[in-house]
Amino acid sequence: MSIWNMALGWGKRLLTLLLSVFLLVTAVFYVSRLAPGDPLVAYYGDRVERMTPDERAWAKDRLGLNDPITVQYVRWLGRALHGDFGISYQYKMDAAEVIASRAGNTLILGGAGFVLTFSLSLLLGVLCAWHEDGPLDRVLCKLGTAASCVPEFWLSLVFILVFSITLRWLPSSGAYSIGGGGLGDRLAHLALPVSVVVAGHLWYYAYMVRNRLLEEVRADYVLLAKSKGLTKGRVMFRHCLRNALPSYLSLMAISVPHILGGTYIVETVFSYPGLGTLSYESTRYQDYNLLMLLCLLSGTVVMVSGMAAQFINQRLDPRLSARDAAGVREP
Amino acid sequence: MNGAFERVGIRPLPPEPAAKPQRRRGAPVLSAVLLSAIAAGCLACGLFAAKDPSYMDLEHCAVPPGNAFWFGTDTMGRDIFSMIWHGGRLSLFIGVTAAAVSTVLGVVFGAVSGCAPGWLDAALMRLTEIWLSVPSLLLTVLLQAALGRASPLSLALVIGASDWTAIAKVVRTEVRQLRNSEYILAAKSMGGGFFYLLRRHLAPNFIPSILFMVVMNVRTAIAAESTLSFMGLGLPLETVTWGSMLSLSEKALLSGAWWIILIPGGFLTVTLLCVTSLGDYLRKSASRRERNL
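This is a predicted model, so every value here is computed, not measured.

## What about the overall build of chain B?
- Along chain B, the regular secondary structure elements total 12 helices and 0 strands.
- Counted over contacts in chain B with a minimum sequence separation of 6, partners at least 24 positions apart contribute 70%.
- Of the accessible surface of chain B, which amounts to about 15,500 Å², a share of 65% is contributed by carbon and sulfur atoms.

Quick look at the structure:
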C-alpha cells in the first residue's frame with residue numbers, strides 16, 4: 001500500500017468523522033431545545049418564580065433564548081467554531097472552564113477503571129481458557145455472568161450499605177474529604193466507585209478473551225506446535241494469545257467510551273464531582289451550552305476511539321490492510 | 001436388499017442407532033422456572049398481594065420485614081410486598097415492549113440498509129454509528145424530554161428507540177448476503193414487495209441470529225428503566241416500578257433500612273440474571289446450528 005493511498009484513506013475517515021460530529025451536535029441542539037422546561041431556572045434559581053413577564057422576557061433576551069431555534073443554532077455554531085462555547089447557566093462560568101475543572105476527576109476514575117478492567121480481564125480470560133471446562137472455569141463463568149447482570153446503580157448502593165454504613169470502612173461520596181487530604185484520602189474515595197465500574201465491565205471482556213483463546217487453541221497450528229513438543233504455557237502465550245490480542249486490543253479501544261459511560265451512573269450515585277454528574281445536571285436543568293459541549297466531547301471520544309480501533313487492527317493484523325490494498329470490500 | 005440392483009462390494013452398514021431423546025446440554029431450567037414464577041406472580045398480583053401498593057400508611061414508615069408487612073414498608077409507608085409484584089408488572093411490561101420496539105426498528109432499518117444501493121447503505125450505517133456515539137443515558141433523557149410527560153408506554157418507546165443499532169447491523173449483514181440469491185430474485189420478479197420479501201424470505205433467515213439479541217434487549221431495557229427511574233429521570237415516584245422503588249434508597253441508606261434497597265434490587269437482579277441465561281442459551285444453540293451447517 002502506498003503512502004498516498006494511506007493518506008487518502010485516513011483523510012476520508014477524518015472527513016466522515018467531522019461530518020458525523022457535526023450531525024450529532026446539530027441533532028442534539030434541536031432536540032434539547034424541543035424539551036419542555038425552563039432554562040432560566042438554571043440561571044436564576046428560585047427567583048424565576050417571582051419574576052414578572054417583563055423581567056422574564058428581558059432575561060431570556062439577555063441569554064439569547066428569544067430568537068428562533070435556527071438563529072440560535074447558527075449563532076452557537078459560529079461561536080463554537082471560534083472556540084467560544086458560551087457560559088454555563090448554572091455555574092455562570094465558561095462551559096469549557098466548568099468542564100476542565102471536572103474532567104480530571106472523571107479521567108482518574110475512568111482511567112483507573114479502564115486499566116484495571118483491561119488487565120484483570122486478560123488475566124481472568126487466560127485463566128479460564130487454561131482450565132477450560134474445569135471446575136475453576138465453570139465457577140468463574142457462572143460468577144462472571146451473575147456479576148455482569150447486577151445493575152451498576154444497585155451495586156453501588158449495596159457497596160455503600162455494606163462498606164460505608166455497616167462496616168464504616170470507606171467514605172460513601174465525593175472525591176476527597178472537605179479540607180483536602182492526601183493521596184490516601186483520594187484512594188479511599190476512589191475505592192468503591194472504581195470497584196463498581198470494574199465489576200460491571202470485567203466479565204464481558206474476560207469472556208471475550210476466553211472465547212477468542214479457545215478458538216485459537218482449536219486451530220491447526222496449535223496442533224503442530226504441540227506435536228513439536230512445545231509446552232502448554234509457550235503455546236498459550238507465544239502462539240494463541242498473540243493471535244487473540246489484535247481483536248482484543250481493538251475491542252478495548254472501542255470500549256473506552258463504554259467504560260467512561262459506565263462511570264456516569266456510578267458518579268451520580270457516589271456524588272463524585274466528575275463529568276457524569278455534570279451531564280446529569282446539565283440535562284436535568286437545561287443548561288444548554290454545557291450540555292452541547294459535553295455531547296461534542298463524548299461524541300468525539302467515541303468516534304476517535306472507533307478510528308483507533310481500526311488503526312490498531314490494521315497495524316497488528318497485516319491481513320486486514322492487505323485486503324484493503326487489494327480493493328476487497330466488506331460484504 | 002432384494003431385486004436387481006444389489007450393491008456389490010460395500011460392507012453392510014450397521015443400523016443407525018435410534019436417535020436418543022437427548023437432553024439439551026445446559027438448558028437453563030432453573031432460570032426459566034424462576035422467571036415464569038416471577039412473571040406469573042406479577043401478572044396475578046391482585047390475587048395475593050391485596051394491599052394497595054400506593055397507599056401511604058404514615059403510621060408505619062420504614063417498618064422492617066415482619067408479620068404485618070412481609071417485606072417491610074418504605075420510607076413513605078407503602079407496603080413493599082405488594083409494590084414488588086405490582087411494580088414488577090410495569091417493569092416487565094416496559095422491558096418486553098421496549099425490546100419489541102427495538103426489534104421492529106432494527107429489523108426494518110437493517111433490511112432497508114441491506115437492500116439499498118451502496119451509497120445509501122454507507123450513509124445509513126454511518127447514521128447508526130452517530131446514534132451509538134451519543135451516551136445512551138443522555139439519548140433516552142433527550143428523547144424522553146422530546147416526547148413530553150413520562151408514562152410507562154412512552155418510556156418503553158424511548159428505551160426501545162435508543163437500543164436498536166446492534167440488531168440493525170446483524171440484519172443488514174445477513175440481508176446483504178442473501179439479497180442476490182435466486183429465490184429472492186425470483187420472488188422480486190414475481191412482484192413481491194419489500195415487506196413481503198422481508199416477512200416471507202428474509203426474516204426466516206435472520207431470526208435465529210437475532211433471537212438472542214432480542215432477549216438481551218429485554219434485559220437491557222429492564223435495567224435501563226430501573227436506572228432512569230432511580231436517577232429521577234424516568235417514571236415519577238408515584239408510578240411504582242422496581243426502579244422507582246429504589247429511588248427512595250438515599251433516605252433508606254441514612255436510616256440503615258436495608259430492606260428498602262436489598263429486596264427490590266434482589267428481585268430486579270434475579271430477573272435480569274434469568275433473562276440473561278435464557279439469552280445465552282439461545283445464542284449458544286444458534287451458533288451450534290451454524291457450526292453444523
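## Here we look at the overall build of chain A
- Scanning chain A from N- to C-terminus turns up 13 helices and 0 strands.
- Each helix and strand of chain A, placed in order from N terminus to C terminus, yields the pattern α-α-α-α-α-α-α-α-α-α-α-α-α.
- When its C-alpha atoms are laid out on the principal axes, chain A stretches across 85 × 60 × 35 Å.
- Within chain A, buried positions represent 44% of all 331 residues.

## Topic: the interface of chain A and chain B
- With 37 residues of chain A at the contact, the number on the chain B side is 36 residues.
- For the pairing of chain A and chain B, the buried interface totals around 3,200 Å² over both sides, and the portion due to carbon and sulfur atoms is 79%.
- In terms of surface lost to chain B, no three residues of chain A exceed C149, F153 and W154 of chain A, which account for 19% of the buried area on that side.
- In this assembly, chain A and chain B are joined by 0 salt bridges.
- Taken together, chain A and chain B are joined by 1 residue pair in polar contact (both at pLDDT 80 or more).
- For the side of chain A that touches chain B, a count of residues per class yields 27 nonpolar, 9 polar and 1 charged.

## So, the pattern of salt bridges
All names here are of chain A.
- Taken as a whole and judged by the stated rule, the model has 7 salt bridges over all chains.
- Between R212 and E216 there is a salt bridge; the shortest N-O distance is 3.4 Å. One end of the pair, R212, and the other, E216, are both in helix α8 (residues 183–217), 4 residues apart, so they sit about a helical turn from each other. When sorted by exposure, R212 lands in the same class as E216, which is buried.
- Salt bridges sharing partners connect three or more residues here, namely R212, E215 and E216.

## Section: the confidence of the model for chain A
- Per-residue pLDDT for chain A averages 79, and the proportion of residues at 70 or more is 90%.
- Contacts from residues 327–331 of chain A, a stretch scored under 50 in pLDDT, to residues over four places away or in other chains number 3 contacts.

## Remarks on the packing of helix α7 (residues 165–178) of chain B against helix α9 (residues 194–230) of chain B
All names here are of chain B.
- One can describe the packing of α7 onto α9 by two numbers: an axis separation of 10 Å at closest approach and a directional angle of 165 degrees. As judged from the angle between their axes, α7 and α9 are roughly antiparallel. Along this stretch, α7 crosses α9, giving a crossing that reads as right-handed. Taking contact as the criterion, the partners of A166, I167, V170, V171, E174, V175 and L178 in α7 are, on α9, L202, N205, F206, S209, I210, M213, V214 and N217.

## Quick word on the nonpolar core
- Among the nonpolar cores identified, the biggest contains 78 residues, and F153, W154, L157 and L213 of chain A together with I84 and W242 of chain B are the most heavily contacted of them.
- Setting aside chain neighbours within four positions, we find W154 of chain A in contact with L246, I261, L262, G265, G266 and T269 of chain B.
- With 27 residues, the next largest nonpolar core counts W76, C295 and M303 of chain A together with L142 of chain B among its residues.

## Section: unusual backbone geometry
All names here are of chain A.
- Unlike most non-glycine residues, D133 shows phi in positive territory, near 60 degrees.
- Looking at where D133 falls in the secondary structure, it is placed in the loop between α5 (95–130) and α6 (135–149).
- In this structure D133 comes out as partly exposed when scored by relative accessible area, which is 42%.
- Here the phi dihedral of S271 falls at roughly 45 degrees; this positive angle occurs in a residue that is not glycine.
- Turning to its location among the elements, S271 is positioned in the loop between α10 (232–269) and α11 (275–284).
- S271 sits in the partly exposed class, given a relative accessible area of 44%.

## Remarks on the confidence of the model for chain B
Residue and element names in this part refer to chain B.
- Looking at chain B as a whole, its pLDDT mean stands at 79, while 86% of the residues score no less than 70.
- Per-element mean pLDDT across chain B ranges from 72 in helix α5 (residues 136–147) up to 88 in helix α3 (residues 80–115).
- This prediction of the complex comes with two scores: 0.80 for pTM and 0.78 for ipTM.

## Re a nonpolar patch on the surface
Residue and element names in this part refer to chain B.
- A cluster of nonpolar side chains, contributed by F93, L147, L153 and L157, occupies part of the molecular surface with about 360 Å² of accessible area.
- Checked against the element boundaries, L153 lands in helix α6 (residues 152–161).
- Note on L153: relative accessible area 46%, which makes it partly exposed.

## Observations concerning the packing of aromatic side chains
All names here are of chain A.
- Scanning the entire structure with this criterion turns up 15 aromatic pairs over all chains.
- Relative to W76, the ring of F29 has its centre 6.0 Å away and its plane inclined at 45 degrees; by these criteria the two rings are tilted. Taken as a pair, F29 in helix α1 (residues 3–34) and W76 in helix α4 (residues 69–81) lie far apart in primary sequence, 47 residues in all.
- Relative to F163, the ring of F159 lies with its centre 5.6 Å away and its plane at 85 degrees, an arrangement referred to as edge-to-face. One end of the pair, F159, and the other, F163, are both in helix α7 (residues 152–166), 4 residues apart, so they sit about a helical turn from each other.
- Classification of F159 by relative accessible area gives buried; the value is 18%.
- Taking relative accessible area as the criterion, F163 reaches 25% and is therefore assigned partly exposed.
- Taken together, F29, Y30, Y73 and W76 form an aromatic cluster joined through their ring pairs.

Definitions and limits used
Residues numbered from 1 in each chain as written. Chains lettered and ligands numbered in written order. Predicted model: local features only at pLDDT ≥ 70, side-chain atom pairs only at ≥ 80, totals over all residues. Heavy atoms only, no water. Helix = DSSP H or I, 4+ residues; strand = E, 2+ residues; numbered from the N terminus. Contact = heavy atoms within 4.5 Å. Areas by Shrake-Rupley, 256 points an atom, 1.4 Å probe, with all protein chains shown as cover. Buried < 20%, exposed > 50% of the residue type's maximum accessible area, 1.4 Å probe, protein only. Buried area = accessible area lost by both parts, 1.4 Å probe. Salt bridge = Lys/Arg side-chain N within 4 Å of Asp/Glu carboxyl O. Polar contact = N/O pair within 3.5 Å; in protein donor to acceptor, adjacent residues only side chain to side chain. Nonpolar A, V, L, I, M, F, W, Y, C, P; charged D, E, K, R; others polar. pLDDT = per-residue confidence, 0-100. Axes fitted to C-alpha atoms, helices over the stretch in contact; angles between N-to-C directions. Parallel < 35°, antiparallel > 145°, perpendicular 65-115°, else oblique. Left-handed = near helix turned anticlockwise from the far one by under 90°. Core = buried A, V, L, I, M, F, W, Y, C linked by side-chain atoms within 4.5 Å. Patch = residues over 30% accessible without salt bridge, like charges linked within 9 Å, V, L, I, M, F, W, Y side chains within 5 Å. Phe/Tyr/Trp six-rings, centres within 6.5 Å; stacked < 30°, edge-to-face > 60°.

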